[in-house]
Amino acid sequence: MAINWFKYAAPATFYGLAGKLIPWLAVASAMLFAIGLYIGFAVAPVDAQQGEFYRIIFIHVPASILSMFLYMIMAGYAALGLIFNTRLSAMMASAIAPTGALFAFISLWTGALWGKPMWGVWWLWDARMTSELILLFLYLGFIALHASIDDPRRADRASALLAIVGSVNVPIIYFSVKWWNTLHQGSTIKFTGSSMHIAMQQAMFTMMAACWLYAMAVVFARVRTIILERERNTTWVGELSEVKQ
Amino acid sequence: MALDIWMRENPFTYIWIGSYGVAMLVFAIELGMLKNARKATLQKIRMMRNSGGNE
Amino acid sequence: MLEVRKLACSRGDHRLFSELSFTLDSGQIMQVQGANGSGKTSLLRSLCGFLMPDEGEIIWRGENIRELDEEYYAEMMYLGHLNAIKDELSGLENLRISAGLSGVELTEKEAMDALRRMGLKGREMLPTKVLSQGQRRRVALARMLVNDAKLWILDEPLAALDVGAVALIQQLIAEHLARQGMVIFTTHQPLIVDGIDVLNLNLS
Amino acid sequence: MKKSTMFGLLMLVVRRDLILAMRRRADVLTTLIFFVMVVSLFPLGVGPEMAMLRKMAPGVLWVAALLSSMLSLGRLFSADYLDGTLEQMMLAPQSLSMLVLGKMAAHWVVSGFPLVLMAPVLGLQFDMTGEALVVLIIGLLLGTPILSMVGAIGAALTLGLRGGGVLLSLLVLPLCIPVLIFATGAVDAVTSGLNITAHLSLLGAFFVMALVFTPWVTAQALRISME
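Fair warning: this is a prediction, and the values are worked out from it, not measured in the lab.

A. Representation of the overall build of chain A. Check the secondary structure of chain A and you find nine helices and zero strands. Taken from the N to the C terminus, the helices and strands of chain A come in the order α-α-α-α-α-α-α-α-α. Over its C-alpha atoms, taken along the principal directions, chain A stretches across nearly 60 × 40 × 35 Å. With 245 residues in all, chain A has 54% of them scored as buried.

The structure is reproduced here in structure tokens:
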């Protein structure tokens, strides 16, 4: 078992493995998106309180959850890379960041679009939206730091440290903002769990799975490019069919 | 407030263009950039290998 | 004492050296040679623990320097390209601070004596920004007089120095070796230590 | 020649940085003047209505303090990095975290503490009550050292990079949000007659956490940046 893990932790092996997985992930993700949208728009009924607008949450909630989880996964890979000095983990961390940032952006954007018909304003300084905004800042900081260091090894290690510091801060920031928010304003409209129709839940879970698979496919594709870039002087890259042609 | 009225009359257009449309656009941009980056990297490596002689 | 095993270092894509092994014992001196860009400074910086080598290890008294950390640093002194002196401070203050950072507290008299021996008499109290390049280098090199480190790592110690200062540095190195000290250095000028063989390590 | 202790080394670094700051007084003063100016510009931007200014005061003072500490953080390690002193610090026979702690302390004395002293005067411009001013100062005393400590991580990570200053703010400002929230929250609480112990104890907790972890993290960041 242990040997197998180390084998896949080698960039050359992972490059091939990821290449085989990506088409499957992509197809599965596209299918799940189609199914999720079908359930979400054709099967799920209109919500009594929110009308049609609640259908935005089928993309909004998965995007928010993914942006948070991806940050944690990114920090996890960063920590692995920093502690055990494994090359692949650092590459994974930097491959996850852009996707995480885009999900954070989608979450903010769709949140604003949901907020307008619900609350009458595009933006509310509500705990979750504020935390999401700060999360986007943290992603941007990670990407900016990585991009501004020329030496790849220093870039990996410096941004890994930043990701770890950030991940310690994310819960602190979340609870601070939440606490600050309850102090400054009354209750906001909440989506009560009991009122959720079974079809709504199905749509949400399908969309969530689709987003996960999409994120995996995209991250694997990005990490493959990073591997190529970093290992361009090795013989195995020279022997790849896509390089030779 | 014209937007508010329009929004309530055409909720599906609002949802599709505003949320799902933007999300898909973001996905499409990301995929496009990935494809481009891969192409550029492969090209760079091929050029480097050709100019450096086949070692 | 100091043992380097199969060391490999690279800068970016470029592999500077690999499979580099040598040992250095008490009373020995080694000159690292090589063309510009052959990795002399990188080797010295790895020996200081600044650079993490790609492969191999550096052993001091039987243990990896990464594990020894502060214990190793207490026994070594590094003088690099940069003088590590502040323009706003006087030579005296600079020396007392840099010695302090290496773990040695100097009295004013000890610092004065060291600076005088380096030929800076009468300039000890001047802010170093008014000193010449060579004089500033002397302030930095005065640390060779006020430390009890076993291993000296000197990167271009003779740069910007005049003939008199070069002779002084050679004498200091000879004294250090006589005390069973160890020296690793790089230089583009000849450095002769009487009666002692200089080991050579060629990187290119 | 005497061997120096860990505490001796810490004090050496603090003393050295303070002497250097004294000889480069202009740097210290510009940070302080920036702080005063940013705070004074706010009423010009939002209008002179006293009730609103009184409400805004803690937030304005804190945001200005955040920004001005970002200005001085860029210099925290860069001078020592450029002239090689940082190399020598890493070779000190005591833990690098200790030296880093010394630099953080000196940074606070030079660029955080003057803001604390200046704050009451600026607070009067905004017609803050005496009670609110006291809480504001306690908050600043607890909070500004955290800015120096968290900021040091960012300063170490961006060492020697192009555009390091802007990047530094981008990295550090989000991490400082909890401090901002609780320090200004304490002032809000006291003006509305609420208990402030919760705010201040949380700030204190952040302070202790920062004191324990940031020197070590900064030392690691410096080692990464020196490679």
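Now, onward.
B. Highlighting the sheet that holds strand β1 (residues 2-11) of chain C. Residue and element names in this part refer to chain C. What the four strands build is an open sheet, ordered β2-β1-β4-β5; its pairing is antiparallel. Edge positions in the sheet fall to β2 (14-24) and β5 (63-64), since each has one partner strand and no second. With two bridges joining them, strand β4 (residues 55-60) and β5 adopt antiparallel strand pairing. Looking at the pairing, Ile-59 lines up with Asn-64 of β5. Helix α1 (residues 40-47) rests against β1, β2 and β4 of the sheet, and its axis sits at about 125 degrees to β1.

C. Molecular detail of the interface of chain D and chain A. With 25 residues of chain D at the interface, the matching set in chain A holds 27 residues. In this assembly, chain D packs against chain A so that about 2,400 Å² is buried in total across both faces, 75% of it on carbon and sulfur atoms. Taken together, the links from chain D to chain A amount to two salt bridges. In this structure, Arg-153 of chain A and Glu-227 of chain D form a salt bridge, with 3.1 Å as the shortest nitrogen-oxygen distance. In this assembly, chain D and chain A are joined by five residue pairs in polar contact (both at pLDDT 80 or more). Looking at the side of chain D that touches chain A, the elements with two or more residues in it are α7 (130-157), α8 (164-172), α9 (177-191) and α10 (197-226) of chain D. Element by element, the count of residues in the side of chain D that touches chain A is highest for α10 of chain D, at eight residues. Considered class by class, the residues forming the side of chain D that touches chain A number 18 nonpolar, four polar and three charged.

D. Local environment of the pattern of salt bridges. Counted according to the given criterion, the structure contains 33 salt bridges over all chains. For the salt bridge of Arg-116 of chain C with Glu-124 of chain C, the shortest nitrogen-to-oxygen distance reads 2.8 Å. For Glu-124 of chain C, a relative accessible area of 5% corresponds to the buried category. The network of salt bridges with shared partners includes Lys-86 of chain C together with Arg-16, Asp-17, Asp-80, Asp-83 and Lys-103 of chain D.

E. Structural context of empty space enclosed by the protein. All names here are of chain D. Counted under the stated rule, the structure contains seven cavities of 30 Å³ or more. Considered as a void within the structure, the largest cavity measures approximately 360 Å³ in volume. Contributing elements (two or more residues each) for the lining of the largest cavity: α1 (6-23), α2 (25-46), α4 (75-83) and α6 (96-125). The element contributing the most residues to the lining of the largest cavity is α6, with five residues. Its residues placed into classes, the lining of the largest cavity shows seven nonpolar, four polar and eight charged.

F. Geometry of the sheet that holds strand β8 (residues 151-155) of chain C. All names here are of chain C. Taken together, the five strands give an open sheet; going across it, the order is β6-β8-β9-β3-β10, and neighbouring strands pair in parallel fashion. Each edge of the open sheet carries a strand with a single partner, namely β6 (76-79) and β10 (198-202). For this sheet, the mean inter-axis angle between neighbouring strands, taken without regard to orientation, is 15 degrees. Bridge analysis of strand β3 (residues 29-33) against β10 gives five bridges, and the strand direction is parallel. The partner of Val-32 across the bridge, within β10, is Leu-201.

G. Quick look at a nonpolar patch on the surface. A cluster of nonpolar residues, Val-168 of chain A together with Val-208, Met-209, Leu-211, Val-212 and Phe-213 of chain D, forms a patch on the protein surface that exposes about 530 Å² of accessible area. Element by element, the count of residues in the nonpolar patch is highest for α10 of chain D, at five residues. Among the secondary structure elements, Leu-211 of chain D is positioned in helix α10. Overall, the relative accessible area of 38% leaves Leu-211 of chain D in the partly exposed class.

Thresholds applied
- Residues numbered from 1 in each chain as written.
- Chains lettered and ligands numbered in written order.
- Predicted model: local features only at pLDDT ≥ 70, side-chain atom pairs only at ≥ 80, totals over all residues.
- Heavy atoms only, no water.
- Helix = DSSP H or I, 4+ residues; strand = E, 2+ residues; numbered from the N terminus.
- Buried < 20%, exposed > 50% of the residue type's maximum accessible area, 1.4 Å probe, protein only.
- Pairing = 2+ DSSP bridges.
- Contact = heavy atoms within 4.5 Å.
- Axes fitted to C-alpha atoms, helices over the stretch in contact; angles between N-to-C directions.
- Buried area = accessible area lost by both parts, 1.4 Å probe.
- Salt bridge = Lys/Arg side-chain N within 4 Å of Asp/Glu carboxyl O.
- Polar contact = N/O pair within 3.5 Å; in protein donor to acceptor, adjacent residues only side chain to side chain.
- Nonpolar A, V, L, I, M, F, W, Y, C, P; charged D, E, K, R; others polar.
- 1 Å grid on protein atoms, 1.4 Å probe; cavity = no way out; pocket = protein on both sides within 12 Å on 5 of 7 lines; lining within 4 Å.
- Points joined across faces, edges and corners; volume = space filled by probe spheres on them.
- Patch = residues over 30% accessible without salt bridge, like charges linked within 9 Å, V, L, I, M, F, W, Y side chains within 5 Å.
- Areas by Shrake-Rupley, 256 points an atom, 1.4 Å probe, with all protein chains shown as cover.

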